[in-house]
Amino acid sequence: MTKLEKQWIVYDVANSAFTLLVSTVFPVYFKYLAENEHIPGTTYLAYWGYAVSISTLIVAFIGPVFGAVADSCRSKKMFFTISMLVGVISCAMLGTYQSWIFFLVVFVIAKTGYSSSLVFYDSMLPDVTEPDNMDNVSSAGYGLGYIGSTIPFIASLAIILMKDKIGLNMNAAMNIVLFINGIWWFLWSVPLIKNYRQIHFVTPSAHPVRNSFHNLKETFFSLAKEKKILIFLIAFFFYIDGVYTIIDMATAYGSAIGLDSTGLLLALLLTQFVAFPFAMLFAWLSRRIDAVKLIAVCIAGYVGIALYAFFLDKQYEFWILAVSVGIFQGGIQALSRSYYAKIIPAEKSGGYFGIMDICGKGAAFLGTSAMAFLTQLTGKAKYGVLAIAFMLGTGFILFLVAVKIPAKGDSRLIKSGGRA
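Since this is a predicted model, take the numbers as computed values, not measurements.

**Student:** Pulling in residues and values, what's your account of the packing of aromatic side chains?
**Tutor:** According to the stated counting rule, one finds 25 aromatic pairs in the structure shown. Between Phe 18 and Phe 26 the ring centres are 5.9 Å apart and the planes differ by 80°, which places this aromatic pair in the edge-to-face class. A relative accessible area of 2% places Phe 18 in the buried class. Here the aromatic rings of Phe 26 and Phe 107 are separated by 5.9 Å at their centres, their planes lie at 85°, and the arrangement is edge-to-face.

Structure representation (structure tokens):
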């Protein structure tokens, strides 16, 4: 790989530390804050789901707009840096709040900054590598992100579990943990910020901002003609719902059904170690097997995971779930990202990835909201996963439809299932 490809990959190492906190430590800490104010378990899970939904909805609105502006103004690096700093600073501040409502507000800001940075980060992929290496680079990013994130996470977990022995209360321990993760996120972002240069962009005009909105409008209208891209995005909306919801809600779900918090954290740490080699395996397989087939296998795997989660009620079953998620998590995210990068115009990648983020964040909003609503409605967390299974199955069917539609002469599609 080139130096720039490696620096792009390293940002996955940077931001994955925050992702792991969101899916493990944050729900446990929020439960601690909520219980201090006597909030019931199912209500706590619902509030957490709504907070995640709000942050994803915000990015779904702002992502395409700023992505299109970045294409027109050649300003991906600037928007990326601002988003990253918003996420880093908010993450470092989260431990200072002992009220559950203030914690949720700052969490929404932190997750918005994190998610916004990924819109610009993903859209950098056509600038940092060639089409025939996108699957490999994208998968390497997810794989190294999984294993790299375990370094600050293990340090964080040690501080949390040993807080009593070293004379810290929960709030003080979380202050240290969040500061460590914020610094980690920032330092590993620096190489990409220093060396990235935007290559693909829309021809600048005298009114770049106005022109960016015009280009964004054209992009939306062009989707009606680009049926392959359109159907893929709809499929992505449905199947990525399951992925994001499971990532965001796994620990909260396990806590809500009465599983031990320490066991949940250790199980999801195992997920990271499993995800690393399997993400690398999918990268290796993508050079030998059609990426379309690999994505289909991953979606089918997630359907099985969602159905399994419905019957889960023991600690060891959660460990099985954690391993299963690790097997498919990196592959489905990385290959979806690189497959999409191949079928869109490179010069409009910011706008197109912004639209993809609408689908991803919209799905995450719908998934977490559906899970929260069904949990409140039934009083049982288990019924929320049925909605996830339904959406995954729908996404699987639509994905198979999308890949059969021929692309319009795009030479960037180099795998079968995407040839013109």
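**Student:** Describe in detail helix α7 (residues 134-161), supporting the description with residues and values.
**Tutor:** With 28 residues, α7 extends 40 Å from end C-alpha to end C-alpha; this agrees with the ideal 40 Å at 1.5 Å per step. Its axis deflected by about 30° at Ile 151, α7 carries its strongest bend there, up to four residues before the proline Pro 152. Most of α7 is tucked away: 21 of the 28 residues are buried.

**Student:** Before we move on, could you go through the environment of Ser 138 and cite the residues and values that matter?
**Tutor:** Along the polypeptide, Ser 138 turns up in helix α7. You can call Ser 138 buried: its relative accessible area is 0%. When the C-alpha atoms of Ser 138 and Ala 334 are compared, they prove to be 5.1 Å apart, with 196 residues separating the residues in sequence. Once you skip the residues sitting within four places of it in the chain, Ser 138 turns out to touch Trp 8, Leu 125, Ala 334, Arg 337 and Ser 338. A distance of 2.9 Å separates a polar side-chain atom of Ser 138 from the backbone oxygen of Ala 334.

**Student:** How would you sum up helix α1 (residues 3-23)? Please name residues and give values.
**Tutor:** An α-helical turn contains 3.6 residues, so any two residues separated by three or four positions project in the same direction. Between its first and last C-alpha, α1 extends 31 Å over 21 residues, near the 30 Å set by a 1.5 Å rise per residue. The largest bend in α1 comes to about 30°, at Asn 15. Within α1, 17 of the 21 residues are buried, which leaves it mostly tucked inside the rest of the structure.

**Student:** Outline the side chain of Ser 116, supporting the account with residue identities and numerical values.
**Tutor:** Mapped onto the fold, Ser 116 is located in helix α5 (residues 100-123). When neighbours within four sequence positions are excluded, Ser 116 is seen to be in contact with Val 59, Ile 62 and Ser 83.

**Student:** Which residues make up the side chain of Arg 337, and what values go with them?
**Tutor:** Residue placement: Arg 337 occurs in helix α13 (residues 315-343). Setting aside residues no more than four positions away along its own chain, Arg 337 makes contact with Trp 8, Asp 12, Tyr 121, Asp 122, Leu 125, Ser 138, Tyr 142, Phe 353 and Met 356.

Rules used in this analysis
- Residues numbered from 1 in each chain as written.
- Predicted model: local features only at pLDDT ≥ 70, side-chain atom pairs only at ≥ 80, totals over all residues.
- Heavy atoms only, no water.
- Phe/Tyr/Trp six-rings, centres within 6.5 Å; stacked < 30°, edge-to-face > 60°.
- Buried < 20%, exposed > 50% of the residue type's maximum accessible area, 1.4 Å probe, protein only.
- Helix = DSSP H or I, 4+ residues; strand = E, 2+ residues; numbered from the N terminus.
- Expected span 1.5 Å × (residues − 1).
- Bend = angle between axes of the 7 residues up to and from the residue.
- Contact = heavy atoms within 4.5 Å.
- Polar contact = N/O pair within 3.5 Å; in protein donor to acceptor, adjacent residues only side chain to side chain.

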